[in-house]
Amino acid sequence: MFLKNKFAFDLDGTITKVETLPLLAKELNLSDEMKILTDLTLSGKISFEQSFRLRYFILKNIPQKKISEIMNAVELDEDILNFIRENKKFCAIVTGNLDIWIEPITKKIGCGIFSSQSRNGELIKILNKAETIREIKKSAEKIISIGDSFNDIQMFRESDISVAYGGVHRPSDEVIAATDYFFCDGKNLVQFLKNNLE
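Residues numbered from 1 in each chain as written. Predicted model: local features only at pLDDT ≥ 70, side-chain atom pairs only at ≥ 80, totals over all residues. Heavy atoms only, no water.

1. Focus on helix α3 (residues 48-59)
Given a rise of 1.5 Å per residue, 12 residues ought to cover 16 Å, and the 16 Å separating the end C-alpha atoms of α3 matches this to within 8%. Residues F48, S51, F52, R55, Y56 and L59 constitute the buried set of α3. Buried residues of α3, seen end-on, are gathered within an arc of 135° and therefore sit on one face of the element. (Helix = DSSP H or I, 4+ residues; strand = E, 2+ residues; numbered from the N terminus. Expected span 1.5 Å × (residues − 1). Buried < 20%, exposed > 50% of the residue type's maximum accessible area, 1.4 Å probe, protein only. Arc of directions from axis to C-beta.)

As structure tokens, then:
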């Protein structure tokens, strides 16, 4: 089905009210180390792919059952969540996070999902957000992307309209400079999205 507009949402720090990988790192008493990697990634000091491989190898030994418990308890931005639920066919999550780790969250949200992938406990694909947006463009006239970190810039560059969202932490100046709009409040963001439904 070809749509006029499609919304592409980052997950961590955009739909979720926390960065999720540091939560998992607490299980291994490696919160400080994970925070360093996360901060370096958010600011663009190291590439998302390099960072995610490192974070994956740190976290992969946590039992999947425990990961699911942690992820199931993650708080979501209610305003954004309600918008997506009401407009599922127009929305997709575009995240570098791992499919099996975020499944408890994506089940609650209920829209399409593009993510990094694993098979038999091994990382087999790290999502490229630019490629994903180009794929989504095949089924929509206009792409509106929403994100908060440096690795979202590649998504913004492929989108027709880009939005930096600072609901959890303020996006870096580089991220804001790469976008068309900047919001810090979920309600204001959602009103903007509703105005762009048609």
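Further notes follow.
2. Things to note about the side chain of K6
Mapped onto the elements, K6 comes out in strand β1 (residues 3-9). In this structure, K6 is buried with no salt-bridge partner, the nearest side chain bearing the opposite charge being E135 at 11 Å. Sequence-distant contacts of K6, that is, excluding residues within four places in its chain, are made with K89, F90, C91, A92, I136, A140, K142, I143 and I144. (Lys, Arg positive; Asp, Glu negative; His and termini not counted. Salt bridge = Lys/Arg side-chain N within 4 Å of Asp/Glu carboxyl O. Contact = heavy atoms within 4.5 Å.)

3. A look at the packing of aromatic side chains
The final tally for this structure, using the stated rule, is 8 aromatic pairs. For the ring pair Y181 and F192, a centre distance of 4.5 Å and an interplane angle of 50° mean the geometry is tilted. With a gap of 11 residues between them, Y181 in strand β7 (residues 181-183) and F192 in helix α10 (residues 186-195) connect regions that are remote in the sequence. Ring centres of F183 and F192 lie 5.3 Å apart, and the angle between their planes is 45°; this geometry places the pair in the tilted category. Judged by relative accessible area, which is 12%, F192 ranks as buried. (Phe/Tyr/Trp six-rings, centres within 6.5 Å; stacked < 30°, edge-to-face > 60°.)

4. What about the packing of helix α5 (residues 78-86) against α10?
At a closest axis distance of 8 Å, the pairing of α5 and α10 adopts a crossing angle of 25°. Comparing the axis directions of α5 and α10 gives the class roughly parallel. Contact residues: α5 offers D79, I80 and F83, while α10 offers G186, K187, L189, V190, L193 and K194. Residue composition of the contact of α5 with α10, by class: 5 nonpolar, 1 polar and 3 charged. (Axes fitted to C-alpha atoms, helices over the stretch in contact; angles between N-to-C directions. Parallel < 35°, antiparallel > 145°, perpendicular 65-115°, else oblique. Nonpolar A, V, L, I, M, F, W, Y, C, P; charged D, E, K, R; others polar.)

5. Concerning the nonpolar core
Counting residues in each nonpolar core, the largest one holds 44 residues, and the members touching the most others are F7, F9, W101 and I109. In this view, F7 contacts F83, F90, C91, A92, I144, I146, L193, N196 and L197; residues no more than four positions away in its chain are not counted. Grouped together as the second largest cluster of nonpolar side chains are 14 residues, I136, I153, M155 and A164 included. (Core = buried A, V, L, I, M, F, W, Y, C linked by side-chain atoms within 4.5 Å.)

6. Notes on unusual backbone geometry
At N29, a position not held by glycine, the phi torsion is positive, near 55°. Inspection of the secondary structure puts N29 in the loop between α1 (20-25) and α2 (31-42). Since its relative accessible area comes to 70%, N29 is described here as exposed. Positive phi values are uncommon outside glycine, yet N120 reaches one of about 50°. On the accessibility criterion, N120 (75% relative accessible area) is exposed.

Any link to function would need more than the numbers given here.
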